[in-house]
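Below, each chain spelled out in residue letters.
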Amino acid sequence: MQLGAPGEPNRTLSPEEAAALDLDTPHSDEDVVFIRDMLHHHSQALVMTGYVDERTGNTDVQLLAERMGISQTDEMALMELWLQERGEAVRDPDAAHDAHVGMPGLLTDDELASLEAAEGTEFDTLFLTFMIRHHQGAIEMVDRLYSSGGGAESAVDQIAREVEADQNIEIARMQEMLAAME
């Protein structure tokens, strides 16, 4: 069985196709870029979740943020290990300081400042709205990985699929939470 890309069906391989597969597919430059970018992306999510306890008394938002903080911290450790095991620098030494400007889903400095300044229900609404967009950006990054030819190495494929699944589940939950606030 060969798994399809996100949104595409799986395919059953013939015995000849299965025998011809190189199961030790090396990682690609696209994989490295994806992992490094996802580390940066997750870092911003941790900044956002770090605002929660001081700015809201909403237990549901607090529990969601706690879960996100734990899962994204764990994913970041896995991604850093993935890079280290392949002899890749965790941060791109050649990247410009503003290399992540325009990354899908990232908040601008002004948006982060508005989130940090908000409290109570205003904070909850901004947090959920911004985090939904942030998560949608992560899913777009997974789509870009596969469309660029990356993700063939099994470990990076697993990381990407887990990111996509977790983000989709959390988006649905946050949309429910926002709807309940209206």
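See above for the structure.
Criteria and thresholds
- One numbering rule holds for all chains: residues counted from 1, following each sequence as written.
- The model is predicted, so local features are restricted to residues of pLDDT at least 70 and side-chain atom pairs to those at 80 or more, both for listing and for counting; the totals for chains, interfaces and linings are taken over all residues.
- Based on all heavy atoms of the structure, the side-chain values leave hydrogens and waters out of the count.
- Any carboxyl oxygen of Asp or Glu that lies within 4 Å of a side-chain nitrogen of Lys or Arg is treated as forming a salt bridge with it.
- Starting at the N terminus, helices and strands are each numbered in turn, a helix being any DSSP run of H or I of at least four residues and a strand any DSSP run of E of at least two.
- When checking whether two residues touch, look at their non-hydrogen atoms; a contact exists if any pair is within 4.5 Å.
- Helix axes are fitted to C-alpha atoms over the stretch in contact, other axes to C-alpha atoms as well, and angles between N-to-C directions run from 0 to 180 degrees.
- Working definition: roughly parallel below 35 degrees, roughly antiparallel above 145 degrees, roughly perpendicular at 65 to 115 degrees, and oblique for all remaining angles.
- If you view the pair so one helix is near and one far, a crossing is left-handed when the near helix is turned anticlockwise from the far one by less than a right angle, and right-handed when it is turned clockwise.
- Only Asp, Glu, Lys and Arg are considered charged in this grouping, and only Ala, Val, Leu, Ile, Met, Phe, Trp, Tyr, Cys and Pro are considered nonpolar; every other residue, Gly among them, is considered polar.

A.B. asks: Account for the pattern of salt bridges, naming residues and giving values.
C.D. replies: In the structure shown here, the tally under the stated rule is 10 salt bridges. Residue Glu111 pairs with Arg133 through a salt bridge whose shortest N-O separation is 2.7 Å. Here Glu111 is found in helix α5 (residues 109-117), whereas its partner Arg133 is found in helix α6 (residues 120-147), with 22 residues between them in sequence. Salt bridges sharing partners connect three or more residues here, namely Glu54, Arg55 and Glu116.

A.B. asks: Describe the environment of Leu145, listing the residues and the values that go with them.
C.D. replies: Position of Leu145 relative to the elements: it lies in helix α6. In this structure the C-alpha to C-alpha distance between Leu145 and Ala160, which are 15 residues apart in sequence, comes to 8.4 Å. Residues within four places of Leu145 in sequence aside, it is in contact with Glu30, Asp31, Phe34, Gly150, Gly151 and Ala160.

A.B. asks: Got a sec to walk through the packing of helix α4 (residues 59-85) against helix α7 (residues 154-181)? Specific residues and values, please.
C.D. replies: With their axes 12 Å apart at the nearest point, α4 and α7 run at an angle of 170° to one another. Here α7 runs roughly antiparallel to α4, going by the angle between their axes. Our pair here, α4 against α7, has a crossing hand that is left-handed. Counting all contacts with α4, which are made through Asp60, Val61, Leu64, Arg67, Met68, Ser71, Gln72, Glu75, Leu78, Met79 and Trp82, the residues of α7 involved are Ala155, Val156, Ile159, Val163, Asp166, Gln167, Glu170, Arg173, Met174, Met177 and Met181. Classifying every residue of the contact of α4 with α7 gives 13 nonpolar, three polar and six charged.

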